[in-house]
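Here is how the chains run, residue by residue.
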Amino acid sequence: VAALVFLVLVMLSSLLQDILVRVIGRFLDRMPLLAQSIFHRARGLLRFAFFVLAVAIALPLVPMGPQTQAAGHRLLVAALILLIGWIAVVAVNIAAERYVSRYRIDVADNLAARKAQTQIKVLRHTANITLGVLTVGCALMTFDTVRQFGVSLFASAGIAGIAVGFAARPVLSNLIAGVQLALTQPIRLGDGVVIEGEWGTVEALTSTYVVIHIWDWRRLIV
């Protein structure tokens, strides 16, 4: 009975989400650009939100034992944390797109536009990674077994903690280097550079590496 109730509510939430998307899609061309950007970015988020809402409605209604009910509530809390983190990531991406759209790259003097694009791209990647790690960590900490493991890991300074710290050093150092590149901007998107004897232009800047488009159409990853 519980599985049937969950299945019906999830199907109804999916149907309601599809109807809402179709209704909004009919008026999408008349909406401002910001509303269109939010709609395109938030379609998956909207589906997940309706799914979480269906689970929240179903939990008090279905006949389940105390342990199963408690496990369901923990899953719901974890899903809500993931939903909040997803909303934060979507908001960051929309704000970054809106900021970059104010600059034109197809003009002769595009230095300011390339500086803005460089900063926003790297900082957006860094913000997405940070929000993703924090969201997943907070969601996992809602479960007792994971919380106990995390507390014991942070409380002890044993071999496991040292190993995790050494393993995370390259990732953290690259992440910090990416933020430093975005702020100081020794290179920008579209700059001509010579790296390791190869001449090319800066094609992409992420939070952990740089892509150089070499003159002979190869790509150099730094």
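Residues numbered from 1 in each chain as written. Predicted model: local features only at pLDDT ≥ 70, side-chain atom pairs only at ≥ 80, totals over all residues. Heavy atoms only, no water.

Caption draft 1: Highlighting the overall build of the protein chain. In terms of regular secondary structure, the protein chain is built from 7 helices and 4 strands. Reading the protein chain from its N end, one meets helices and strands in the order α-α-α-α-α-α-α-β-β-β-β. When each of the 222 residues of the protein chain is scored for burial, the buried share is 29%. Expressed as a percentage of contacts within the protein chain between residues at least 6 apart in sequence, the contacts between residues at least 24 apart total 58%. As displayed, the protein chain has an accessible area near 14,200 Å², and 70% of this comes from carbon and sulfur atoms. (Helix = DSSP H or I, 4+ residues; strand = E, 2+ residues; numbered from the N terminus. Buried < 20%, exposed > 50% of the residue type's maximum accessible area, 1.4 Å probe, protein only. Contact = heavy atoms within 4.5 Å. Areas by Shrake-Rupley, 256 points an atom, 1.4 Å probe, with all protein chains shown as cover.)

Caption draft 2: The sheet that holds strand β2 (residues 198-205), seen in detail. Strands sit in the order β1-β2-β3-β4 across an open sheet of 4 strands; the sheet is antiparallel. The open sheet has two edge strands with one neighbour each: β1 (192-195) and β4 (219-221). Shown here is a sheet whose adjacent strand axes are inclined to one another by a mean of 45 degrees, direction ignored. Of the pairings in the sheet, the one linking strand β3 (residues 210-214) to β4 comprises 3 bridges and is antiparallel in character. Residue pairing for β4: H213 is matched across the bridge by R219. (Pairing = 2+ DSSP bridges. Axes fitted to C-alpha atoms, helices over the stretch in contact; angles between N-to-C directions.)

Caption draft 3: Structural context of helix α5 (residues 111-140). For α5, spanning 30 residues, the distance from its first C-alpha to its last is 44 Å, which sits close to the expected 44 Å at 1.5 Å a residue. Taken together, the buried positions of α5 are occupied by A113, R114, A116, T118, I120, V122, T126, T135 and A139. (Expected span 1.5 Å × (residues − 1).)

Caption draft 4: Region of interest: the pattern of salt bridges. With the rule as written, the count across this model stands at 4 salt bridges. Residue E198 is joined to R218 by a salt bridge in which the shortest nitrogen-to-oxygen separation is 3.2 Å. One end of the pair, E198, is in strand β2; the other, R218, is in the loop between β3 and β4, with 20 residues separating them in the sequence. The class of R218 is partly exposed, set by a relative accessible area of 42%. Linking R218 and D216 is a salt bridge whose minimum nitrogen-to-oxygen distance equals 2.9 Å. (Salt bridge = Lys/Arg side-chain N within 4 Å of Asp/Glu carboxyl O.)

Caption draft 5: Inspection of the layout of surface pockets at higher detail. Of the pockets and cavities examined, the second largest pocket occupies roughly 180 Å³. Lining the second largest pocket are F6, F51, V52, V55, L59, M64, T68, A71, G72, L75, L76 and A79. Of all the secondary-structure elements, those providing two or more residues to the lining of the second largest pocket are α3 (43-58) and α4 (66-100). Top contributing element to the lining of the second largest pocket by residue count: α4, with 6 residues. Taken together, the residues of the lining of the second largest pocket break down into 10 nonpolar, 2 polar and no charged. (1 Å grid on protein atoms, 1.4 Å probe; cavity = no way out; pocket = protein on both sides within 12 Å on 5 of 7 lines; lining within 4 Å. Points joined across faces, edges and corners; volume = space filled by probe spheres on them. Nonpolar A, V, L, I, M, F, W, Y, C, P; charged D, E, K, R; others polar.)

Caption draft 6: Expanded view of unusual backbone geometry. In the Ramachandran plot, E196 falls in the positive-phi region, its phi being about 55 degrees despite a non-glycine side chain. Relative to the helices and strands, E196 is located in the loop between β1 and β2. Phi angles above zero are rare outside glycine, and W217 is one such case at about 75 degrees. A relative accessible area of 65% means that W217 is categorised as exposed.

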